[in-house]
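# Topology and contacts: notes
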Amino acid sequence: MHNIWTLIQREYLERVRTRSFVIFTLLMPAVMAGSVLIPEKIEEMNSGGEKHIVIVANNPQLATAVGQELSASKAKTDLGLEAGTFKPTMYTIRVDGDTSDAENDRLRQQVSGGQITGFLWLTDRALAERKVTYNTKEAADFMQSGTIRSALRTAVTKQRLSQKGMNGPEIDALLTPIDLATIRIEKGREGTSGTTVFVTALAMVMLLYSVVLIYGIAVMRSVIEEKSTRILEVLLSAVTPKQLLAGKILGVGAVGLTQIVIWVTFAILFSVPGLLAARSFLGEVHIPVGGMIAFAIFFLLGYLLYSSMYAAIGSMVNTDHEAQQMQWPAMVPLVLGVVLMNSVIQHPDSPLAFWLSIVPFFAPILMLVRILVAQPPLWQIALCIALMMATVYGLLALASRIYRIGILMYGKRPTLPELRRWLRYAG
Amino acid sequence: MADVVELRGICKSYDHFVAVDNLSLGIRAGSVYGLLGPNGAGKTSTIRMMIGIMVPDKGEVRLFGELFQRGLLPRVGYLPEERGLYKRMKVLDHLVFLGCLHNLSEVEARKRSLAWCERMQLSEWKDKKVEELSKGMQQKIQFVAALLHDPDLVIMDEPFAGLDPANAVMLKDFLIELKKAGKTILFSTHRMDQVERLCDSICLIDHGHAVLEGDLGKIKASYGKNHVQMQYEGDPGLENCDLVQSINNYGNYVEVRLKPGADAQQLLRRSADRARISRFELLEPSLEEIFIDQVGKNA
């Protein structure tokens, strides 16, 4: 025990103290926060200001109505979430009755010249063809075109309804939108909204996937380093290969766990104010405690499973280059799990999802997804965990046998029959 | 007193290759023991079995009079032939780590590491990373690592291989010092001159067998004084002499190996009849000659 502890300590401290660990750990939340905050900031900077829009129509009444709807919509976006953070856009509307082609050309030049933001071609013909065009340089601004589209639709609908003889208040009442909220039922109680569930599940699975992959490979490289620096035999005079393997897997795993804890703490600190602010449209936000426990269990089992495979691979090769060619047995199932996740997330209770999710190699990703997005029966979760534990046990035993022989073998990488013989010696 | 290391009929084979075949030997407490043999003779396999890195297929290993068990390993210091260090660890951290693995407390390991660094003139390097050190300095650290926990038995596999002359002298002085302190030392080598000067006992291994084993003096004595060095003027006429096994003639100086049972006095009388003899000396064979003789016989 004393020895394993010493090994874990070294493995942990030597990694956590490196500059690359500190940088990576701090940079990752910065990158994640940046990828959310920076576009938002740009949007915020672009919002507001004035937009000059020319509405070309045969019917000046309709054109005015569209203009009013636009001015009224202000910064109310389709998503409706960041309502508070945006400065309202001021619209300057000019109604133009000239629907000739020459006018069209002239307006195009004004758009190119920057005198106007854009013009809406709302002629009777365009309406009849149900194809109105909005010409602008900022065609990629989907928020902008969304605002104009909804203003146009509302104005046209209102006009048609009033032609049918409805009055203003009647029309407004009719047009009030109805919200659809998807609510997840957890144990008969109302849970989190569908969007939140999906986003949380995706984030957790990607976190698990990347940390298992990064630290599985770290275990492999560390085995290769010990082989190539020839320190292994020095260590073996004091500890057994099993202790060495255990110390390595646990020490590196502890580093991964540290990183996750730091990242999750960052994520909570960053997202709590946002979530509280967005409660209005996300619905009641629950901290997914069950999900976090599931994450912890499947992270640990998944890490043990894959890192023992990586350790065995590391002990069979001599260089990083060779290892890259050999790491597919560990890489393929992990990636396949992520690929299959898409269909499991949509039909979490299908028989296919069940069978895939109890395969120990896929379980860390697929069973976790099922737990996060649906409520698989407890026996399925228990069966899955039991299968994983058995597999982890078997793989560790296998890996430690390969490791025991492999670490003293230099030179040529073993063929499959040679590998079988290794397993026999180690017995 | 029981032998510090005792091997009884150990065997080890890999696939169809027999590395060690029914090898027995005993190492006296406080002695310097040389494990000799050509490359691939089974020296490293034998050593690995002594410290439990490998388990013999057959036979038993006894350390300090007990059947091998890992609990005895803190009393053994091991310097493997393929030796290395973690390149990115700091020197002092590395020594403390290895000390802790040999059952020292961290405080004790740190204290001893600092003392050793002082002694090896490594103090100013103790906070540097291993990769920043020269190869010679790394070798010093490896020796220290093997001795840090003050083992009773020191096992070194080819310790002189790859050392520069200064470090080779340092290592030799070390071994002598350890011997004076009552430690038992086992080292393997294929360089005979070191063994001849340093060892009390030897085991000569070839193809996994012990060809010769025991006290170096006795082994030499058993070969008898069958070598003659002679300085002369004239022609002693040794070329076709029936007493001579082989001859190496330098003109007025000759080295002669006598046939088994031949009398050196008879050779002297015969030579003196024909030439003026200015020096005549009877010698034991060198270990190298014994080695070549034995290995050649088995080849």
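No experiment lies behind these values; they were computed from the predicted model shown.

Here we come to the environment of Gln110 of chain A. Residue and element names in this part refer to chain A. Relative to the helices and strands, Gln110 is located in helix 4 (residues 101–113). A residue is classified by how many C-beta atoms lie within 10 Å of it, and Gln110, with 17 of them, is partly exposed. Considering only alpha carbons, one finds Gln110 and Glu50, 60 residues apart in sequence, at a separation of 16 Å. Apart from residues no more than four positions distant in its own chain, Gln110 is found in contact with Gln115 and Ile116.

It is worth spelling out the domain arrangement of chain B at this point. All names here are of chain B. By domain assignment, chain B separates into domain 1 (1–64 + 155–219), domain 2 (78–151) and domain 3 (225–283). Summarising the inter-unit geometry, the C-alpha centres of domain 1 and domain 2 are found 24 Å apart. The interface is formed by 13 residues belonging to domain 1 together with seven residues belonging to domain 2. Counting only elements with at least two residues in the side of domain 1 that touches domain 2, the list comes to strand 7 (153–157) and helix 5 (165–180).

This brings us to the sheet that holds strand 2 (residues 17–27) of chain B. All names here are of chain B. Taking strand neighbours across the sheet as the criterion, the four strands line up as 2-1-4-5 in an open arrangement whose pairing is antiparallel. Looking at which strands have only one partner, the edges of the open sheet turn out to be strand 2 and strand 5 (66–67). Pairing analysis gives seven bridges linking strand 1 (residues 5–14) to strand 2, with the strands arranged antiparallel. Across the sheet, Tyr14 pairs through a bridge with Phe17, a residue of strand 2.

Quick look at the nonpolar core now. If you look at the biggest cluster of nonpolar residues, it comprises 141 residues, and the most contacted ones within it are Leu208, Ala311, Leu368 and Val369 of chain A together with Ile155 of chain B. Sequence-distant contacts of Leu208 of chain A, that is, excluding residues within four places in its chain, are made with Phe295, Phe298, Phe299, Gly302, Pro364, Ile365 and Leu368 of chain A. Counting 19 residues, the second-largest nonpolar core is a separate cluster that includes Ile53, Ala57, Leu122 and Leu152 of chain A.

As a further point, take the packing of helix 16 (residues 363–373) of chain A against helix 17 (residues 378–406) of chain A. Residue and element names in this part refer to chain A. Where helix 16 contacts helix 17, the axes come no closer than 11 Å and their chain directions differ by 165 degrees. When the axis of helix 16 is compared with that of helix 17, the two are roughly antiparallel. Our pair here, helix 16 against helix 17, has a crossing hand that is left-handed. Contacts between helix 16 and helix 17 involve Ala363, Met367 and Ile371 from the first element and Ile381, Cys384 and Met388 from the second. Taken together, the residues of the contact of helix 16 with helix 17 sort by class into six nonpolar, no polar and no charged.

Next up on the list: the sheet that holds strand 9 (residues 201–206) of chain B. Residue and element names in this part refer to chain B. With respect to topology, six strands assemble into an open sheet ordered 6-7-8-3-9-10, the strand pairing being mixed. Looking at which strands have only one partner, the edges of the open sheet turn out to be strand 6 (76–79) and strand 10 (209–215). When strand polarity is set aside, the average angle formed by the axes of neighbouring strands in this sheet is 10 degrees. As defined by bridge partners, strand 3 (residues 32–36) adjoins strand 8 (residues 184–189) across five bridges and the pair is classed as parallel. Paired with Leu35 across the two strands is Ser188, which belongs to strand 8. Lying on the sheet, helix 4 (residues 135–147) is in contact with strand 6 and strand 7; it crosses strand 6 at an angle near 160 degrees. Set on the sheet, helix 7 (residues 216–223) makes contact with strand 9 and strand 10; between it and strand 10 the angle comes to about 105 degrees.

Calculation notes
- Residues numbered from 1 in each chain as written.
- Chains lettered and ligands numbered in written order.
- Predicted model: local features only at pLDDT ≥ 70, side-chain atom pairs only at ≥ 80, totals over all residues.
- Helix = DSSP H or I, 4+ residues; strand = E, 2+ residues; numbered from the N terminus.
- Buried ≥ 20, exposed ≤ 12 C-beta atoms within 10 Å, placed from the backbone.
- Contact = placed C-beta atoms within 7 Å.
- Domains from an automatic or database assignment.
- Pairing = 2+ DSSP bridges.
- Core = buried A, V, L, I, M, F, W, Y, C linked by C-beta atoms within 7 Å.
- Axes fitted to C-alpha atoms, helices over the stretch in contact; angles between N-to-C directions.
- Parallel < 35°, antiparallel > 145°, perpendicular 65-115°, else oblique.
- Left-handed = near helix turned anticlockwise from the far one by under 90°.
- Nonpolar A, V, L, I, M, F, W, Y, C, P; charged D, E, K, R; others polar.

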